[in-house]
Amino acid sequence: MAADAAAPYGAIEDGVVACRGGRILYAGPRSEAPAFDAVETIACDGRWITPGLIDCHTHLVYGGDRAHEFELRLNGASYEEIARAGGGILSTVAATRAASQDALFASADRRLAALMAEGVTTVEIKSGYGLAREAEVKQLEVARRIGRDRPVRVRTTFLGAHATPPEFKGRSGEYIAEVAGPMLDEIAKKGLADAVDVFCEGIAFSPEETARVFAAAKAKGLAVKIHAEQLSNLGGAALAAEHGALSADHLEYLDEAGVLAMAEAGTVAVILPGAFYFLRETQMPPIALLRRHGVPIALATDANPGSSPLTSPLLVMNMACTLFRLTPEEALAGLTRHAAQALGLGAEIGTLERGKACDLAIWEIERPAELAYRIGFNPLHTRIWNGT
Ligand code: DI6
Ligand code: FE
């Protein structure tokens, strides 16, 4: 699949991908390929090669899980009862704070294995379940360790502004001063984050608080992202676009003004069908408006214990098509080319082009629509990361 080819998916029939030193040397028709002295050749025998999948929005590193809360709810417990039983996001914060780095690594590693088994070669991992300096640093260090110890590209995002921790109950402004001050200082000094994200929502942080975090992030040269318009429309996506955000994510309640601001700034729309499904949301993200105004649409798992306990990029593609009527071609672009853009890695990964990293997925399929079509079936044949 090449970037600008006119064929659907940019597909090349009877193509060749050659790589050296982890980089793509050639991707195109066999008939036009230069002669190579290949050290190793993988015959694909009619299979399809796509770029490795990119999961550009996850909360992969956390302690505990919320299965018990899920069960309580389905047995009729109210929100208050669940909160009293220690449920909700703060239960994940408590479990994450209590967990050792090794325990966090081990549980995230199993979720990562599920992603990689379906062809993921790059994953973004957010903090946001520590909500205190040391615990946020711990989450990000585990995320970095995953990138060192496993054959996957990891981008990390500091999401200290995910929720107000219990110590700051009723004092979110003071907590934001911590996030934008000492927490960000230490994380930037240690080089632990590639970007900074804020959950801008009635139940989380206001646009004003979001802007304070963004200003601090930009002063440190860090990219910004936002969780916006998930449950209501606060104008978060437009605010993020004004700050040159790489992406605005969720977006069910996004309006046309927000879409236009994103189009203008080149901010990618990251759509998260897992959270929509799991929360039984009914408000659809404005896909037609995003298309009309040329905003790139990316897809991601949003893997997290509360609203999207999902680690299947293939199911994300299926859900985006069934729930939001994306085409299978848009769904594949959402997990490759546009996901790369959402991470600021559009020049590095996401398409099969000379000079990019050789991250590939080889699929046992007849046509690419099968990737989005099936439910619970994994046609991955071979995953190649950085040329191996
Ligand atoms: N949006 C969500 O849906 C999750 N975080 C966010 O920013 C919820 C996270 C959780 O419940 O643990
Ligand atoms: Fe999220």
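Relevant structure appears above.
These remarks concern the structure in this document. (Residues numbered from 1 in each chain as written. Chains lettered and ligands numbered in written order. Predicted model: local features only at pLDDT ≥ 70, side-chain atom pairs only at ≥ 80, totals over all residues. Heavy atoms only, no water.)

Let's talk about the coordination of the iron ion (ligand 2)
And step 1. Surrounding the iron ion (ligand 2) are the protein donor atoms His57 (NE2), His59 (NE2), His227 (NE2) and Asp302 (OD), which sit 2.1 to 2.3 Å from the metal.
And step 2. With four donor atoms in place around the iron ion (ligand 2) and angles of 80 to 165 degrees between them, the coordination shape is irregular.
And step 3. As a motif over one chain, the donors of the iron ion (ligand 2) read H-x1-H-x167-H-x74-D.
And step 4. Judged by its relative accessible area of 0%, His57 falls in the buried class.
And step 5. Take His59: its relative accessible area is 2%, and that puts it in the buried class. (Donors = N, O, S within 2.8 Å, 3.2 Å for Na, K, Ca; no water. Tetrahedral: all angles 85-135°; square planar, octahedral: opposite > 155°, others 65-115°. Buried < 20%, exposed > 50% of the residue type's maximum accessible area, 1.4 Å probe, protein only.)

Some thoughts on the packing of aromatic side chains
And step 1. Throughout the structure, instances matching the rule amount to six aromatic pairs.
And step 2. Consider the rings of Tyr62 and Tyr129, whose centres lie 6.1 Å apart with planes at 65 degrees: the pair is edge-to-face. Of the two residues, Tyr62 sits in the loop between strand S4 (53-55) and helix H1 (67-74) while Tyr129 sits in the loop between strand S5 (120-126) and helix H5 (133-149), which places them 67 residues apart along the sequence.
And step 3. The rings of Phe168, Tyr175 and Phe205 are connected pair by pair, giving a single aromatic cluster.
And step 4. It is Arg111 that lies over the ring of Tyr62; its NZ or CZ is 3.7 Å from the centre.
And step 5. Here Arg145 stacks its cationic end above the ring of Phe105, 3.9 Å away from the centre of that ring. (Phe/Tyr/Trp six-rings, centres within 6.5 Å; stacked < 30°, edge-to-face > 60°. Helix = DSSP H or I, 4+ residues; strand = E, 2+ residues; numbered from the N terminus. Lys NZ or Arg CZ within 6 Å of the ring centre and 35° of its normal.)

Observations regarding the sheet that holds strand S6 (residues 153-161)
And step 1. Reading across from one edge, S4-S5-S6-S7-S8-S9-S10-S11 is the order of the eight strands in this open sheet, with parallel pairing throughout. Looking at the sheet topology across the chains shown, the edges are occupied by S4 and strand S11 (297-299). Each neighbouring strand pair of the sheet contributes to a mean axis angle of 25 degrees, computed without reference to strand direction.
And step 2. The sheet contact formed by S5 and S6 spans five bridges and is parallel. Along S6, the bridge assignment pairs Glu124 with Arg155.
And step 3. Across the sheet, H5 is in contact with S5 and S6; its angle to S6 comes to roughly 170 degrees. (Pairing = 2+ DSSP bridges. Axes fitted to C-alpha atoms, helices over the stretch in contact; angles between N-to-C directions. Contact = heavy atoms within 4.5 Å.)

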